[in-house]
Amino acid sequence: MKLMVKIPGTYDSLVLNKRVALHKAVRTAVANASRISPIRVIGIEFDSSRKTDINVWFTLLDRAVQKGGVVTADGTYVPNLQEAYANLERAVDMGMQITVDYPEGKKVLNVMPGSLITFNTAVDTGGNKTVVNTGYSGGAMAGIAIGMTVVGIIIGLIVAFILYKRQTDVPYEVQK
């Protein structure tokens, strides 16, 4: 599930040259608010195109598919994707905070209440990871390449056969 929240502040003051610290803090805060493991929060990106706030994009993953409820070794219940989303939505609406441990000291960032947005399709987040869909898979392109090679060989053989049959005299003479 692709999600986005907004954090007030500028890209230069919160993200630039501090991406690792903010990335770690966002993953931890989202996981804690959703009551899931941080490993289920992936693809965190920050949008630098906004002037007054930062769009934070991330993906929540569902738990492993198993029969019955899933619990951890210490007996803690593991929420599914819908439950984790509901937990996160409640936390954002109540003023979720992200504590970032920057090199110059800790800073608490407030997520804008009501800013949680869900996307069901792939979204260009403005990051360096732009996906271009050409409509053909790698296997389809390989199949076309092999097919065109076979067609080229067949056409070449037909042309060579026609040229060979048109030739009526011997291109050289036998000397006695």
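All values reported here derive from a predicted model rather than from experimental measurement.

**As for the pairing of strand β4 (residues 97–102)**
Covered by surrounding structure in β4 are I98, V100 and Y102 only, the residues Q97, T99 and D101 on the alternate face being uncovered. Sheet topology note: the β4/strand β5 (residues 105–110) ladder contains six bridges and is antiparallel. Residue pairing across strands places I98 opposite L109, the latter belonging to β5.

**Remarks on a nonpolar patch on the surface**
A cluster of nonpolar side chains, Y136, M141, I144, M148, V151, I155, V159 and L163, forms an exposed patch at the surface whose accessible area comes to about 790 Å². Along the chain, I155 falls in helix α4 (residues 138–166).

**Considering the nonpolar core**
Core analysis: the biggest nonpolar cluster contains 34 residues, and F46, V56, F58, L60, L88, M96 and I98 have the highest contact counts within it. Within the residue set of this core, elements represented by two or more residues are β1 (2–8), α1 (11–14), α2 (19–34), β2 (41–47), β3 (53–60), α3 (81–93) and β4. Element by element, the count of residues in this core is highest for α2, at seven residues. Beyond its immediate sequence surroundings of up to four residues, I98 is in contact with I7, A25, V26, A29, K107, V108, L109 and V111.

**Focus: the sheet that holds β2**
Strand order in the open sheet made by the four strands is β2-β3-β1-β6, with antiparallel pairing throughout. The sheet is open, and its two edges are formed by β2 and β6 (117–119), each paired on a single side. Each adjacent strand pair in this sheet contributes to an overall mean axis angle of 25 degrees, direction not counted. Summarising the sheet, β2 and β3 pair through five bridges and their orientation is antiparallel. Its bridge partner lying in β3, I42 is registered against T59. The strands touched by α2 are β2 and β3; relative to β2, the strand with the most contacts, the crossing angle is about 130 degrees.

**Side note on the side chain of D53**
Secondary-structure assignment places D53 in strand β3. In this view, D53 contacts K6, I7, P8, G9 and M112; residues no more than four positions away in its chain are not counted.

**Focus on unusual backbone geometry**
Phi is positive for R35, close to 65 degrees, though the residue is something other than glycine. Looking at the element boundaries, R35 is found in the loop between α2 and β2.

**A closer look at the environment of I117**
Within the element layout of this structure, I117 appears in strand β6. Looking at I117, the relative accessible area reads 34%, which means it is partly exposed. In sequence terms I117 and E89 are 28 residues apart; their C-alpha atoms lie 9.3 Å from each other. Not counting residues within four places of it along the chain, the set of residues in contact with I117 comprises K2, L3 and M4.

**A short note on α3**
Taking 1.5 Å as the rise per residue, α3 with 13 residues should run 18 Å; its terminal C-alpha atoms sit 18 Å apart, in good agreement. Contacts from the buried residues of α3 go to β1, α2, β3 and β6. Immediately downstream of α3, the backbone of G95 shows phi near 90 degrees, a positive value.

**Re the packing of α2 against α3**
Packing of α2 against α3 leaves a shortest axis separation of 7 Å and a crossing angle of 110 degrees. Viewed along their axes, α2 and α3 adopt a mutual orientation that is roughly perpendicular. Residues V30, A33 and S34 of α2 form the contact with α3, whose own contacting residues are A84, N87, L88 and A91. Looking at the contact of α2 with α3 residue by residue, the class counts come to five nonpolar, two polar and no charged.

Reading the values: the criteria
Residues numbered from 1 in each chain as written. Predicted model: local features only at pLDDT ≥ 70, side-chain atom pairs only at ≥ 80, totals over all residues. Heavy atoms only, no water. Buried < 20%, exposed > 50% of the residue type's maximum accessible area, 1.4 Å probe, protein only. Helix = DSSP H or I, 4+ residues; strand = E, 2+ residues; numbered from the N terminus. Pairing = 2+ DSSP bridges. Patch = residues over 30% accessible without salt bridge, like charges linked within 9 Å, V, L, I, M, F, W, Y side chains within 5 Å. Areas by Shrake-Rupley, 256 points an atom, 1.4 Å probe, with all protein chains shown as cover. Salt bridge = Lys/Arg side-chain N within 4 Å of Asp/Glu carboxyl O. Core = buried A, V, L, I, M, F, W, Y, C linked by side-chain atoms within 4.5 Å. Contact = heavy atoms within 4.5 Å. Axes fitted to C-alpha atoms, helices over the stretch in contact; angles between N-to-C directions. Expected span 1.5 Å × (residues − 1). Parallel < 35°, antiparallel > 145°, perpendicular 65-115°, else oblique. Nonpolar A, V, L, I, M, F, W, Y, C, P; charged D, E, K, R; others polar.

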